[in-house]
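Report on the structure
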Amino acid sequence: MSFSTFSRFIAITGVTFLLIGCVSVPNFEGMFLPYKSAKLEGENIKIEAEDDSFEILPGQFEPPFQTSPMSPIIWTSIYSETLPDGSIYDIRLADSANHALVYGAKKVRLYHPIIEKPLYGVLLLNQKPVTAVGPAANFYSIQIPEDKIEKVKQGSVQVLYESVDRTDYSISMYAWVLWVSDKPFE
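This structure is a prediction, so every number in the text was calculated from the model and none was measured. (Residues numbered from 1 in each chain as written. Predicted model: local features only at pLDDT ≥ 70, side-chain atom pairs only at ≥ 80, totals over all residues. Heavy atoms only, no water.)

Remarks on the packing of aromatic side chains
Rule in force here: Working definition: a ring pair exists when centres of Phe, Tyr or Trp rings (six-membered ring for Trp) sit within 6.5 Å. Plane angles under 30 degrees give stacked, over 60 give edge-to-face, the rest tilted. The criterion for a charge sitting over a ring is simple: Lys NZ or Arg CZ within 6 Å of the ring centre, and within 35 degrees of the ring normal.
Summed over the entire model, instances satisfying the criterion amount to three aromatic pairs. Here the basic side chain of Lys46 rests over the ring of Tyr111, its NZ or CZ set 4.6 Å away from the ring centre. Its end group placed over the ring of Phe65, Lys106 keeps NZ or CZ at 5.5 Å from the ring centre.

In structure tokens form, the structure reads like this:
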């Protein structure tokens, strides 16, 4: 390699490293805001943290925690009806409660008027995108339908959630997700 070829190689390498250094990583923290309020719909329903750190009763409440947007798997509704099998990365939303726990979801007990014993749950309360629009843009509205609880009584895991639409993407995001089972989540 001649000196001029070597000089060009060094110059091109240096410029390449400078350009790579200029690439910025998106500020995910600036893209999301916390929800300030929430509402649990229904009567005689209670969601209680397994560690007794919070209790959610019907009516308005302040969210006891919120997760950071660090996992696309539990953040985006790509899981939902947008894919034929409801999955992404070979993980179905129904099977991802443990994944959600890694990112800040909480184990809970669910008390509902049509059951005698509390059910087991994993509750995920996500922050909202700054571009949120629609009904879920301002507060969580948690609803726990009786037909879903009936299916849990029959041994299936049920996933309840609310999506929030965004003005910057066509894919909506989960505002909250609640996995419910008659057996404890690992």
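Thoughts on the nonpolar core
Applicable threshold: What is meant by a nonpolar core is a set of buried Ala, Val, Leu, Ile, Met, Phe, Trp, Tyr and Cys residues, joined one to another through side-chain atoms within 4.5 Å. For every residue, the accessible area obtained with a 1.4 Å probe (protein chains only) is divided by the maximum for its type, and the residue is called buried under 20%, exposed over 50%, and partly exposed between those limits. A run of H or I in DSSP becomes a helix once it reaches four residues, and a run of E becomes a strand once it reaches two; helices and strands are each numbered from the N terminus.
In terms of nonpolar packing, the biggest core is built from 32 residues, with Ile47, Leu123, Ile142 and Ile144 touching the most fellow members. Those elements that provide at least two residues to this core are strand 2 (37-40), strand 3 (46-49), strand 8 (106-111), strand 9 (119-125), strand 12 (139-142), helix 4 (146-153), strand 13 (158-166) and strand 14 (173-181). At five residues, the largest contribution of residues to this core is made by strand 14. Formed by eleven residues, the second largest nonpolar core is a distinct cluster that contains Val159, Val177, Trp179 and Phe185.

Re the sheet that holds strand 12
Note the following rule: Strands are treated as partners if at least two bridges between them are detected by DSSP. Here the axes come from fitting lines to C-alpha atoms, over the contacting stretch only for helices, and the angles between their N-to-C directions go from 0 to 180 degrees.
Pairing is mixed in the open sheet, where three strands are placed in the order 5-2-12. At either end of the open sheet lies a strand with only one pairing partner, and these are strand 5 (59-61) and strand 12. Along the sheet, successive strands turn relative to each other by an average axial angle of 20°, direction set aside. Here strand 2 pairs with strand 12 via four bridges, running parallel. Across the sheet, Leu40 pairs through a bridge with Ile142, a residue of strand 12.

Focus on the pairing of strand 9
In terms of residue burial, strand 9 counts as a mostly covered element, since six of its seven residues are buried. Pairing between strand 8 and strand 9: five bridges, direction antiparallel. Among the inter-strand pairings, Val108 is bridged to a residue of strand 9, identified as Gly121. As judged from the six bridges shared by strand 9 and strand 14, these two strands associate in the antiparallel manner.

Some thoughts on the sheet that holds strand 8
As a general point, the strands of a sheet are linked pairwise by backbone hydrogen bonds and lie either parallel or antiparallel. Convention followed: Here, two residues are considered to be in contact whenever any of their heavy atoms come within 4.5 Å of each other.
The antiparallel open sheet is built from seven strands, whose spatial order is 4-3-8-9-14-13-11. At either end of the open sheet lies a strand with only one pairing partner, and these are strand 4 (55-56) and strand 11 (132-133). Along the sheet face, helix 4 touches strand 8, strand 9, strand 13 and strand 14 and points at about 140° away from the line of strand 13.

A short note on the pattern of salt bridges
For the record, the criterion: Any carboxyl oxygen of Asp or Glu within 4 Å of a side-chain nitrogen of Lys or Arg constitutes a salt bridge here.
For the structure shown, the criterion picks out five salt bridges. Across the salt bridge formed by Glu50 and Arg109, the nearest N and O atoms sit 2.8 Å from each other. With Glu50 in the loop between strand 3 and strand 4 and Arg109 in strand 8, the pair connects residues that are 59 residues apart, well separated along the chain. Residue classification places Arg109 among the partly exposed residues on the basis of a relative accessible area of 22%. Counted as one network, the salt bridges with shared partners bring together Lys46, Glu48 and Glu55.

Fair warning: the whole summary comes from geometry, so function is off the table for now.
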